[in-house]
Amino acid sequence: MSSARNKNYLREMNAKKVYHPMAHPNDLEEHPPRIISRGEGVHLFDDDGRRVIDACAGLWNVNLGYSNQPVKDAIAQQLADLPYSSAFKGTTNEKLIELSDVLVDMLDQEDMRRVFFTSGGSDSVETALRLARQYWKLSGHVDRTKFLSLKRGYHGTHFGGASVNGNNVFRRVYEPLLPGCFHMPVPFDYRNMFNESDPSRLTDLCLAAIEDEIAFQGADTIAAFIAEPVLGAGGVIVPPETYWPKLRALLDRHEILLIADEVITGFGRAGAWFGARGWGVKPDMMCLAKAITSGYFPMGAVAVNERIETAFKANKDAMGVISHGYTYSGHPVGCAAALACLAETVRLDLPANAAREGDYLLSRFRSMMDTHEAIGNVRGRGLMMAMEFVADRKTKQPAGKTFMGAVGDAMFDAGMLVRIVGHNILLSPPLVLTRKDSDEIAAAMEAGLAKVSRGPAT
Ligand SMILES: Cc1ncc(COP(=O)(O)O)c(C=O)c1O
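Note that the structure is predicted; figures quoted are calculated from it, not measured.

Digging into unusual backbone geometry
Cis peptide bonds are those with omega within 30 degrees of zero, and the linkage from Glu 175 to Pro 176 qualifies with 5°. For Pro 176, the location among the structural elements is in the loop between helix H7 (159-164) and strand S6 (181-184). One non-glycine residue, Glu 255, adopts positive backbone phi at about 55°. Along the chain, Glu 255 falls in the loop between helix H9 (243-253) and strand S8 (257-261). Under the relative-accessibility criterion, Glu 255 is labelled partly exposed at 45%. Positive phi is not limited to glycine here, since Ser 294 has a value of about 55°. Considering the arrangement of structural elements, one finds Ser 294 in the loop between strand S9 (285-288) and strand S10 (300-305). The exposure class assigned to Ser 294 is buried, which follows from its relative accessible area of 1%.

Given below as structure tokens:
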């Protein structure tokens, strides 16, 4: 077994036998992924023993870092007590019930009443879309089946989520997708179809486009609008302050459900306990995943408000059966992990820390624009941040692929793992970040940038 574990074997097998998500299989030999062997605190170690700070927190999810003992203990204890139990009709488990109570309590401000458990973010989105359609059928509005979402939004990889995704890359090769999904302009002040940088005017233009689409489709055909409170994978796009409250009001006028995809923003990442709460808005459903178990177990949930709960309660026939569920819905180990993660998030007051360290890092990154012409835009909210690279600041022509490849390598060489998406560096470090960790990230960014360029990214 020891020879089978040697590095060459692992690299060769990875290149030959694995299909990696979001990667071309033919690329694996030429650009082999780094093999990560160990995690400690906010740091990762590769199989060469290289230590880097994880400025992605895995995939926006390892909010507690890699060494949280209470979470590891809770998982070990649950594995000993009950490693699996089904939540389909007829059985449930203690941890599932406890977690439901904790979550509904946590979401009292949003008037959430019930939770449905899933195995991850894509499952949560799929669940919310299905429940939205079922809600309207239960309410007697059988034509309300369509979905609105934002261009550049990301909602996972199931067919429902892919259909509301607003990025061509995640759609094109899997088309045809779900009919009846329409994509609205994203309120992104740096790049938008209106060439408008004023936040208030941009908000009104984006909302006017939604109003126009609703009128065209017919409000009575639209089930729900789904959006991320702060767009993540689409490039960390922070909508203007008034966008979400005005969106909620607009949807209310047309009785359209609002689904907040909080898979990234839930549990503090954007500096508030939930993204929608940060905008002062109450959605009808909230998709949760990622930080709910901080990456220690695959898990997700959908919370629904009183409006949805009432429709199900009022129905007595088969139409009200939730004919949807996953083998791992309410997995006892996942629920035990989530209970421990949420308790740790409360104990450490991580949303406040995200706001504090996010503000600090943003100002450090913004000051780098003075020296590095290639940085076109720096943006973020809490510990969700993006640095966008351009070949020309005036025209905003995106930086090239080769340059961005060099940026990723330079950052790793400088001791930091970042995520490169298109011509952006996306940063989403663990929420347990200390000021010393933030300084380490800023220093690695400086060192990495110094290596690639002081001029434009042509
Ligand atoms: C906003 C959002 N929704 C849904 C998903 C899908 O989650 P998962 O990858 O856990 O299926 C993601 C994943 O990054 C996401 O960012």
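So, next bit.
Concerning the environment of Gly 160
Tracing the backbone shows Gly 160 in helix H7. The exposure class of Gly 160 is buried, given its relative accessible area of 4%. It is 9.2 Å that separates the C-alpha atoms of Gly 160 and Thr 127, two residues lying 33 residues apart in sequence. If near-sequence neighbours (up to four positions away) are discounted, Gly 160 is found in contact with Glu 126, Leu 129 and Leu 178.

Some thoughts on the nonpolar core
One recurring pattern in soluble globular proteins: nonpolar side chains tend to sit buried together. Counting residues in each nonpolar core, the largest one holds 57 residues, and the members touching the most others are Leu 99, Leu 103, Ile 210, Phe 225, Tyr 243 and Phe 267. Structurally, this core is a two-domain feature, drawing no fewer than three residues from each of domain 1 (34-64 + 349-452) and domain 2 (71-347). Excluding its chain neighbours within four sequence positions, the residues that come into contact with Ile 210 are Leu 148, Met 184, Phe 225, Tyr 243, Leu 247 and Leu 250. Counting residues in each nonpolar core, the second largest holds 44 residues, with Leu 362, Phe 403, Met 404 and Leu 427 among its members.

Considerations on the site of the ligand
Close to the ligand lie Gly 120, Gly 121, Ser 122, Tyr 154, His 155, Gly 156, Glu 228, Asp 261, Val 263, Ile 264 and Lys 290, which account for all nearby residues. For the ligand, a nitrogen atom lies 2.7 Å from a polar atom in the side chain of Asp 261. A distance of 2.9 Å is found between an oxygen atom of the ligand and a side-chain nitrogen or oxygen belonging to Lys 290. Its free accessible area being 390 Å², the ligand has 80% of it covered by the protein chains. Each residue belonging to the shell around the ligand can be placed in one class, and the counts come to 3 nonpolar, 5 polar and 3 charged.

Observations regarding a negative patch on the surface
On the surface, Asp 81, Glu 94, Glu 98, Asp 101, Asp 105 and Asp 108 cluster together into a negatively charged patch. Relative to the helices and strands, Glu 94 resides in helix H5 (residues 94-106).

Here's the deal with the domain arrangement of the chain
Parsing the chain into structural domains produces domain 1 (34-64 + 349-452) and domain 2 (71-347). Computed over C-alpha atoms, the centres of domain 1 and domain 2 are 27 Å apart. The partner domain 2 presents 32 residues to the 33 residues of domain 1 that form the contact. Around 2,600 Å² of area is buried between domain 1 and domain 2 when both sides are counted, 56% of it from carbon and sulfur atoms. Applying the counting rule to domain 1 against domain 2 returns 2 salt bridges. Note that Glu 241 and Arg 381 form a salt bridge whose closest N and O atoms lie 3.9 Å from each other. Counting the contacts that link domain 1 with domain 2 gives 18 residue pairs in polar contact (both at pLDDT 80 or more).

The rules behind the values
Residues numbered from 1 in each chain as written. Predicted model: local features only at pLDDT ≥ 70, side-chain atom pairs only at ≥ 80, totals over all residues. Heavy atoms only, no water. Helix = DSSP H or I, 4+ residues; strand = E, 2+ residues; numbered from the N terminus. Buried < 20%, exposed > 50% of the residue type's maximum accessible area, 1.4 Å probe, protein only. Contact = heavy atoms within 4.5 Å. Core = buried A, V, L, I, M, F, W, Y, C linked by side-chain atoms within 4.5 Å. Domains from an automatic or database assignment. Near = heavy atom within 4 Å. Polar contact = N/O pair within 3.5 Å; in protein donor to acceptor, adjacent residues only side chain to side chain. Areas by Shrake-Rupley, 256 points an atom, 1.4 Å probe, with all protein chains shown as cover. Nonpolar A, V, L, I, M, F, W, Y, C, P; charged D, E, K, R; others polar. Patch = residues over 30% accessible without salt bridge, like charges linked within 9 Å, V, L, I, M, F, W, Y side chains within 5 Å. Salt bridge = Lys/Arg side-chain N within 4 Å of Asp/Glu carboxyl O. Lys, Arg positive; Asp, Glu negative; His and termini not counted. Charge placed at Lys NZ, Arg CZ, Asp CG, Glu CD. Buried area = accessible area lost by both parts, 1.4 Å probe.

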